[in-house]
Amino acid sequence: MTTTLTTTPMSEAGHRLPTPADVPGRAGELLASLGERAVLCDLYDAVGASVYHDLAGTGTHEVRELLALVRRIPGPVLDLAAGSGRLTLPLLALGREVTALELSPYMLELLDRRLADAPPALRGRCLPVRADMSDFALGRRFGAIVLGTTTISLLDAEGRQGLYRAVREHLEPGGRFLLSTVDMTATASGPAEVDMEIVTDSGRAYRLFEHWTPDAGSRTVTLFPAVTAATGPVQVCTTTIGVLPAELLEAELAAAGFSVRSRHPLPAVGERHHDVLLETEVTP
Ligand SMILES: C[S@@+](CC[C@H](N)C(=O)[O-])C[C@H]1O[C@@H](n2cnc3c(N)ncnc32)[C@H](O)[C@@H]1O
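About the cut-offs
- Residues numbered from 1 in each chain as written.
- Predicted model: local features only at pLDDT ≥ 70, side-chain atom pairs only at ≥ 80, totals over all residues.
- Heavy atoms only, no water.
- Pairing = 2+ DSSP bridges.
- Helix = DSSP H or I, 4+ residues; strand = E, 2+ residues; numbered from the N terminus.
- Axes fitted to C-alpha atoms, helices over the stretch in contact; angles between N-to-C directions.
- Near = heavy atom within 4 Å.
- Polar contact = N/O pair within 3.5 Å; in protein donor to acceptor, adjacent residues only side chain to side chain.
- Areas by Shrake-Rupley, 256 points an atom, 1.4 Å probe, with all protein chains shown as cover.

(A) A look at the sheet that holds strand 8 (residues 205-212). Taking strand neighbours across the sheet as the criterion, the five strands line up as 1-10-9-8-7 in an open arrangement whose pairing is mixed. The outermost strands of the open sheet, each flanked by one partner alone, are strand 1 (38-42) and strand 7 (193-199). Recorded for the sheet is a direction-independent mean angle of 20° between the axes of neighbouring strands. Here strand 7 runs beside strand 8; their pairing, made up of seven bridges, is antiparallel. Among the inter-strand pairings, Asp195 is bridged to a residue of strand 8, identified as Phe209.

Set out below in structure tokens:
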């Protein structure tokens, strides 16, 4: 992993530590009302990682579409920003060698635990690596490089340039870079803030706020426990994600030397989100 000199407080997961100013709207008001009881954390940090995993870690969004593409591409797979392995495990189940690259040590710990429970034949084909997807050098090439869950939106413009450079250096000739982003043409407009209660398979209940004014170019997801005790600390997890429309992403990819071979609309997430999975290759 590349160490960056910065004056911004960073978490061990490599993300800037969130502050109350990062939480807009009603979520921000609820946070303020908790006063000193609120313990604000990043969604991929020590506490946040287990919340993310509880909410999404075993979900199936975009898995079917991604596997259908990877099946047609021979060779080892690189799963970028692998998290706790939501896509890594199904990719391994295809019988491929999978390198799972992830920045957050907490996410990698969750992935290690899932691999420990997996059959040895599957576990033996997975190499988890802690690295930054915007600047990595693994010394090998892959048939397919995957970046799912619209995670490219977590990188700023400079980070994305680093990502495109690193992906080009790690793709086999004829290899494919598969990545998803938000499809603004299919995404419905709605209120600036959505407030919903979610009960996960594990039985934990959360109050999730998503604040998104597309003009602002980013959305903020904040999670509170659905029920808070009258006293004691309250963990609040938040993440701010850039909104990178497919059109803009495709223009960036073209400038970085990638051609889009196919576009696959993904099932809607909640009321508003429509994502698209892009199959790209290095332009010959
Ligand atoms: C939305 S989650 C996706 C995780 C997994 N791919 C999935 O589908 O559930 C985004 C992941 O990106 C990781 N991440 C954020 N910035 C990163 C970076 N610069 N390099 C590598 N991983 C990063 C986070 O720690 C988190 O695990």
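(B) Fine view of the site of the ligand. Every one of the 19 residues lining the ligand counts as a neighbour, but Tyr52, Ala81, Glu102, Met133 and Thr149 are closest to it. Within the contact set of the ligand, a nitrogen atom lies 2.9 Å away from a side-chain nitrogen or oxygen of Asp132. One nitrogen or oxygen atom from the side chain of Thr149 is found 2.5 Å from an oxygen atom belonging to the ligand. Protein burial of the ligand: of its 600 Å² of free accessible surface, 96% is covered by the chains.

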